[in-house]
Every structure is written in C-alpha cells, then in structure tokens.
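Summary of structural features
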Amino acid sequence: MIVRRMKLEDLEQVCALENETFSMPWSYQSILDSLLVKDNIYLVAVENDSVIGYCGVWVIANEGQINNIAVKKQNRNQGVGGKILQFLFQEGRAKQIEQFTLEVRKSNEIAIKLYDKFGFVKVGIRPGFYEKPQEDAVIMTVITSRKEESALI
Ligand SMILES: CC(C)(COP(=O)(O)OP(=O)(O)OC[C@H]1O[C@@H](n2cnc3c(N)ncnc32)[C@H](O)[C@@H]1OP(=O)(O)O)[C@@H](O)C(=O)NCCC(=O)NCCS
C-alpha cells in the first residue's frame, strides 16, 4: 500500500468510496473543483491499483481544513488512515501549514481515537452540524509543530 497525491484518474474510485461511506457525500463535481485548487491537498492510499482510502484538505494561509477522510470498509483498522495522516503531516510541513482542523460526528469514536492518536485535541462543538442523522460535530485541531515535539510521527 502506498499513499500519494490524488490524480484526476483516481476520481471515480474516490467518489465511489465517498458514496459508500457518507450519508451526505460530496458530489463528483465538488471533489473535482476542490482537487483542482492548487494549494489544496488531496491524497489517496492505493493497493494493487485500487484506491482504498483518501483524504481531502483545503489549505487557507497556514491552516489545513480536513474535509474528508475515509478508508474502504474491508481495509479499516490496518493502519491505512494513520498512514494517510502521516503523509498529510509531511505535506503540511513542506507547505508551512501550522495547524489542521476537522469536524467529526460526536458518536464517531473510531475516528476520534485516530485523531487523538495523532495529537488532535477537542476545541469545540458545532451543534446540529450534521444531517442524516442530525448530530453535533466535535471540532478537533492539531498544531503540527507540537505534534513533532511529541515524536509520534
Ligand atoms: C476513521 C477511519 C478513516 C480510520 O481509518 P483506519 O485505516 O481504519 O485507521 P487505522 O487503522 O490507521 O487506525 C488508527 C487508529 O484509529 C483507531 N481505530 C481504528 N479502527 C478502530 C476500531 N475498529 N476500534 C477502535 N479504534 C480504532 C485506533 O486508535 C487506531 O490506532 P491503533 O491501531 O494504534 O489502536 C476509518 O475508520 C473510516 O473510513 N471510517 C468511516 C469514515 C469516517 O468516519 N471518516 C471520518 C470522518 S470525520
């Protein structure tokens, strides 16, 4: 399995994964538009030419907003999500990104454990942020320089 920058030809597989993972998936067009923004970071994890995970990050000034991260069901809990975040942090260092932020469903304990492991901390709640089903979002942030100090990556 390797992690690399997403290419246009990955888009069909990324959309399929987005659709099978989320109740309100991003459309093909919205992922395409975001992928084409030069500063944004879109990554895929690939095994035997198949996309098994991806993440999409908007970069604004020195901050990264992680919009999507997903791993195919049959490939979860095998370190793929962690590898994607490690690669993202490397890319972030190269682009002088100082912090990453994301929203996660309050009930999504697995994702919250992953983010905890990578040094994200809970900094707030967005009430009713999600639909289908409606739920609060937990806002989590990691300061990447602090992350390096903790030597987890
Ligand atoms: C969240 C997600 C991306 C994690 O990816 P993953 O490849 O399964 O994660 P990893 O195997 O790298 O695991 C990293 C850490 O996450 C936690 N974790 C992963 N799977 C877990 C499970 N089944 N139970 C408990 N903790 C789990 C653990 O802390 C794990 O670290 P450890 O192995 O040292 O204990 C994946 O579960 C997923 O795609 N979920 C559906 C989409 C989603 O919820 N995305 C997040 C939206 S904010």
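Preceding this paragraph is the structure being described.
Everything in this summary refers to the structure shown in the same document. (Residues numbered from 1 in each chain as written. Predicted model: local features only at pLDDT ≥ 70, side-chain atom pairs only at ≥ 80, totals over all residues. Heavy atoms only, no water.)

Among the nonpolar cores identified, the biggest contains 28 residues, and Leu88, Phe100, Tyr115 and Phe120 are the most heavily contacted of them. The set of elements that each furnish at least two residues to this core consists of β2 (41–47), β3 (50–60), β4 (63–71), α3 (80–94), β5 (99–105), α4 (109–117) and β7 (135–143). A per-element tally of this core places α3 first, with five residues. Every residue in contact with Phe120, bar those within four places of it in the chain, is listed here: Ile66, Leu85, Phe89, Phe100, Leu102, Tyr115, Met140, Thr141 and Val142. The next biggest cluster of nonpolar side chains, apart from the first, holds 14 residues, and it includes Leu11, Ile31, Leu35 and Val44. (Core = buried A, V, L, I, M, F, W, Y, C linked by side-chain atoms within 4.5 Å. Buried < 20%, exposed > 50% of the residue type's maximum accessible area, 1.4 Å probe, protein only. Helix = DSSP H or I, 4+ residues; strand = E, 2+ residues; numbered from the N terminus. Contact = heavy atoms within 4.5 Å.)

A separate point is the packing of aromatic side chains. Following the criterion strictly, the structure yields six aromatic pairs and no others. Taken together, a centroid distance of 5.5 Å and an interplanar angle of 15° make the contact between Phe89 and Phe100 stacked. Linking Phe89 in helix α3 with Phe100 in strand β5, this pair joins segments that are eleven residues apart in sequence. The same class applies to Phe89 as to Phe100, namely buried. Linked through ring pairs, Phe89, Phe100, Tyr115, Phe118 and Phe120 together constitute an aromatic cluster. (Phe/Tyr/Trp six-rings, centres within 6.5 Å; stacked < 30°, edge-to-face > 60°.)

Of all residues adjacent to the ligand, which total 21 residues, the nearest are Val71, Asn77, Gly79, Gly81 and Asn108. Within the contact set of the ligand, an oxygen atom lies 2.7 Å away from a backbone nitrogen or oxygen of Asn77. Within the backbone of Gln78, an N or O atom sits 3.1 Å from an oxygen atom of the ligand. The fraction of the free accessible surface of the ligand (920 Å²) that becomes covered by protein chains is 76%. Here the ligand is seated within the largest pocket. Only β4, α3, β5 and α4 provide two or more residues apiece to the shell around the ligand. With six residues, α4 is the single largest residue contributor to the shell around the ligand. The residue inventory of the shell around the ligand, partitioned by class, reads ten nonpolar, seven polar and four charged. (Near = heavy atom within 4 Å. Polar contact = N/O pair within 3.5 Å; in protein donor to acceptor, adjacent residues only side chain to side chain. Areas by Shrake-Rupley, 256 points an atom, 1.4 Å probe, with all protein chains shown as cover. 1 Å grid on protein atoms, 1.4 Å probe; cavity = no way out; pocket = protein on both sides within 12 Å on 5 of 7 lines; lining within 4 Å. Sits in = over half its atoms within 2 Å of the grid points. Nonpolar A, V, L, I, M, F, W, Y, C, P; charged D, E, K, R; others polar.)

Take the layout of surface pockets next. Roughly 1,400 Å³ of internal volume is contained in the largest pocket. Lining the largest pocket are 39 residues, and of these Phe22, Ile69, Asn108, Ala111 and Tyr115 sit closest to its centre. Listing elements by their share of the lining of the largest pocket, those giving two or more residues are α1 (11–21), β4, α3, β5, α4 and β6 (121–130). Considered class by class, the residues forming the lining of the largest pocket number 17 nonpolar, 13 polar and nine charged. (Points joined across faces, edges and corners; volume = space filled by probe spheres on them.)

Note that Arg105 resides in strand β5. Given the relative accessible area of 18%, Arg105 is considered buried. A polar contact of 2.9 Å, which involves the side chain of Arg105, links it to the backbone oxygen of Glu131. Looking at Arg105, its side chain comes within polar contact range of the side chain of Glu135, at 3.1 Å. When residues no more than four places from it in sequence are discounted, the contact partners of Arg105 are Ser23, Ile112, Tyr130, Glu131, Lys132, Pro133, Glu135 and Asp136.

Turning next to the sheet that holds strand β1 (residues 2–5). The strand order across the open sheet formed by seven strands is β1-β2-β3-β4-β5-β7-β6, and the pairing between neighbours is mixed. Both outer strands of the open sheet, β1 and β6, are each paired with one neighbouring strand and no more. Ignoring which end each strand starts from, the neighbouring axes of this sheet average 25° apart. In terms of strand pairing, β5 meets β7 through seven bridges, oriented antiparallel. (Pairing = 2+ DSSP bridges. Axes fitted to C-alpha atoms, helices over the stretch in contact; angles between N-to-C directions.)

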